[in-house]
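Commentary on secondary and tertiary structure
Each chain, letter by letter, is given below.
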Amino acid sequence: MTHHDRKQRFEVIYVANYADILAYIRRRTDSHDDAADALAETFATAWRRLDDLPRGQDARLWLFGVARRVLANGRRAESRRSELVERLGRQLAVWAEHIEAGESMAGVQEAFGRLSGDDREILALAGWEGLGSDEIATVLGCSRANARLRLHRARKRLARQLDAAGVDLARIGLRAVAMTKGAM
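Structure report, in brief. (Residues numbered from 1 in each chain as written. Predicted model: local features only at pLDDT ≥ 70, side-chain atom pairs only at ≥ 80, totals over all residues. Heavy atoms only, no water.)

1. With respect to a nonpolar patch on the surface
A surface patch of nonpolar side chains, about 280 Å² in accessible area, is lined by Y14, V15 and Y18. Looking at where Y14 falls in the secondary structure, it is placed in helix α1 (residues 3-26). Look at Y14 and you get partly exposed, because its relative accessible area is 31%. (Patch = residues over 30% accessible without salt bridge, like charges linked within 9 Å, V, L, I, M, F, W, Y side chains within 5 Å. Areas by Shrake-Rupley, 256 points an atom, 1.4 Å probe, with all protein chains shown as cover. Salt bridge = Lys/Arg side-chain N within 4 Å of Asp/Glu carboxyl O. Helix = DSSP H or I, 4+ residues; strand = E, 2+ residues; numbered from the N terminus. Buried < 20%, exposed > 50% of the residue type's maximum accessible area, 1.4 Å probe, protein only.)

Here it is, written out as structure tokens:
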């Protein structure tokens, strides 16, 4: 199929199904922006997978399935964000209780700042974004094993930098340190 044929087929599918897919998505979202994002993602998937898209009326059903998965992924992402905010709030409260009045975050910020950009990024993905090594692998475009190894090494380098900065890891813990990355 030539590029022109692909474009023409996509346009026919888009025009024939746009209103139905938009209505489906709008009934399941809270805002116009969320609906627009989900609709764009649905049709972007259709374009990428045009060769997999069935012909005729089945194309409409296929698009409903894609829209359903796009919306489900959005809900899962929102749930993860809410859980992360909640978890960070709890960790901040615990952390605040354990930091002595005279100790500042300067040592933590200094240690984090001395890390390479790659180390800061992978630690931020794990600590601030709440991603696991499988998700980090996807973001970084590497294997899961490589992501796990890079994260492990970055954590060790951070621990050495914190030790060099005189930060008492036993008292504040690396989990609490991970929270500060979003502010740096």
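2. Structural notes on the nonpolar core
By size, the foremost hydrophobic cluster in this structure holds 20 residues, and its most contacted members are I21, I25, F43, A46, L53 and L63. Not counting residues within four places of it along the chain, the set of residues in contact with L53 comprises R9, I13, A46, A59 and W62. Ranked by size, the runner-up nonpolar core spans 16 residues in total, among them A126, A147, L158 and L162. (Core = buried A, V, L, I, M, F, W, Y, C linked by side-chain atoms within 4.5 Å. Contact = heavy atoms within 4.5 Å.)

3. Concerning a negative patch on the surface
The grouping of D30, D33, D34 and D37 at the surface amounts to a negative patch. Secondary-structure assignment places D30 in the loop between α1 and α2 (32-48). Among the residues examined, D30 registers a relative accessible area of 80% and is labelled exposed. (Lys, Arg positive; Asp, Glu negative; His and termini not counted. Charge placed at Lys NZ, Arg CZ, Asp CG, Glu CD.)

4. Some thoughts on α2
End to end, α2 covers 24 Å across 17 residues, agreeing with the expected 24 Å (1.5 Å per residue, within 8%). Inspection of α2 places A35, A38, L39, T42, F43, T45 and A46 among the buried residues, and these make up the whole buried set. Projected down its long axis, α2 shows its buried positions confined to an angular sector of 150°, all on one face. Relative to its buried face, α2 has exposed residues pointing more than 90 degrees away, namely D33, D37 and R48. (Expected span 1.5 Å × (residues − 1). Arc of directions from axis to C-beta.)

5. Points about the packing of aromatic side chains
For any pair of aromatic rings, geometry is given as the distance between the ring centres together with the angle between the planes. As enumerated under the stated definition, the model contains six aromatic pairs in all. Centre to centre, the rings of F10 and F43 are 6.3 Å apart; their planes meet at 85°, and the pair counts as edge-to-face. Separated by 33 residues along the polypeptide, F10 in helix α1 and F43 in helix α2 bring together distant segments of the chain. Pair check on accessibility: F10 and F43 agree, each one buried. Taking the centre distance of 4.7 Å and the plane angle of 65° together, the rings of Y14 and F43 count as edge-to-face. Here F43 lies in helix α2 and Y14 lies in helix α1, a separation of 29 residues in the sequence. Members of the aromatic cluster, joined through ring pairs, are F10, Y14, Y18, F43 and W47. Sitting over the face of the ring of W47, R6 holds its NZ or CZ atom 5.3 Å from the ring centroid. (Phe/Tyr/Trp six-rings, centres within 6.5 Å; stacked < 30°, edge-to-face > 60°. Lys NZ or Arg CZ within 6 Å of the ring centre and 35° of its normal.)

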